[in-house]
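Structural features, examined
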Amino acid sequence: MNAITTTTAIAPARLHLVATRVPVEHKTFDYIFETDLAVLLPEYDVRILTSEITDPAFFGAVVVRGNRISMLLSPNLGEFERDFFPRYLICQALGMDLEPLPTPFAVEINPLIPGVAA
């Protein structure tokens, strides 16, 4: 089975505005995974787009640029995955120490290329 991969581009300073805008008690694994997604996404300034990539080895990507998190999710995801992956990727963007995703999933973290707008 192919590994399902996300390419995560994390800005070096992580989410600068989150440090001042989002209350500290909202920057926990429990909060991120228990809060209604409709509340969580605007709080973290997350924009989710549905990808046209139908490759079964792709589940999504996230780019953190300044204060915004932009996510591109596969159209092949089920209801659980459409809820889980944004939460997981927010935690990754915040630099939380998480257990790796189980096989067949894998997460790659790559720095942004200087001079390339996200």
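Higher on the page you've got the structure.
The notes below deal with the structure included here. (Residues numbered from 1 in each chain as written. Predicted model: local features only at pLDDT ≥ 70, side-chain atom pairs only at ≥ 80, totals over all residues. Heavy atoms only, no water.)

Describing the packing of aromatic side chains
Quick reminder of the rule: By convention, a stacked pair of Phe, Tyr or Trp rings (six-membered ring in the case of Trp) has centres within 6.5 Å and planes under 30 degrees apart, an edge-to-face pair has planes over 60 apart, and any other such pair is tilted. Only DSSP runs of H or I with at least four residues qualify as helices, and only runs of E with at least two residues qualify as strands; both kinds are numbered from the N terminus onward.
Inspection of the entire model under this criterion finds 6 aromatic pairs. Centroid distance Phe-33 to Phe-84: 5.7 Å. Interplanar angle 50°. Geometry classified as tilted. Of this pair, Phe-33 sits in helix α2 (residues 29-34) while Phe-84 sits in helix α4 (residues 79-93), and the two are 51 residues apart along the sequence. One aromatic cluster is present, built from ring pairs that chain together Phe-29, Phe-33, Phe-59, Phe-80, Phe-84, Phe-85 and Tyr-88.

Structural notes on the environment of Phe-85
Examined against the element boundaries, Phe-85 turns out to sit in helix α4. Taking the C-alpha atoms as reference points, Phe-85 and Phe-59, 26 residues apart in sequence, are found 8.6 Å from one another.

A word on the pattern of salt bridges
Put simply, the rule reads: Salt bridges, as used here, are contacts in which a Lys or Arg side-chain nitrogen is within 4 Å of a carboxyl oxygen on Asp or Glu. Three exposure classes are used, based on accessible area relative to the maximum for each residue type with a 1.4 Å probe and protein chains only: buried under 20%, partly exposed in between, and exposed over 50%.
A full pass over the atoms with the stated rule returns 1 salt bridge. In this structure, Arg-87 engages Asp-83 in a salt bridge whose closest nitrogen and oxygen atoms are separated by 3.0 Å. Of this pair, Arg-87 and Asp-83 both sit in helix α4, 4 residues apart, which is roughly one turn of the helix. Residue classification places Asp-83 among the partly exposed positions, given a relative accessible area of 30%.

Notes on the pairing of strand β3 (residues 58-65)
Filter applied, for reference: The criterion for strand pairing is that DSSP finds at least two bridges linking the strands in question.
The element β3 is largely enclosed, with a buried count of 6 among its 8 residues. Where β3 lies against strand β4 (residues 68-73), 6 bridges are found, and the strand directions are antiparallel. Residue pairing across strands places Val-64 opposite Ile-69, the latter belonging to β4. Taking the residues between adjacent antiparallel strands as the criterion, β3 and β4 are bridged by 2 residues, where Gly-66 takes a positive phi near 65°.

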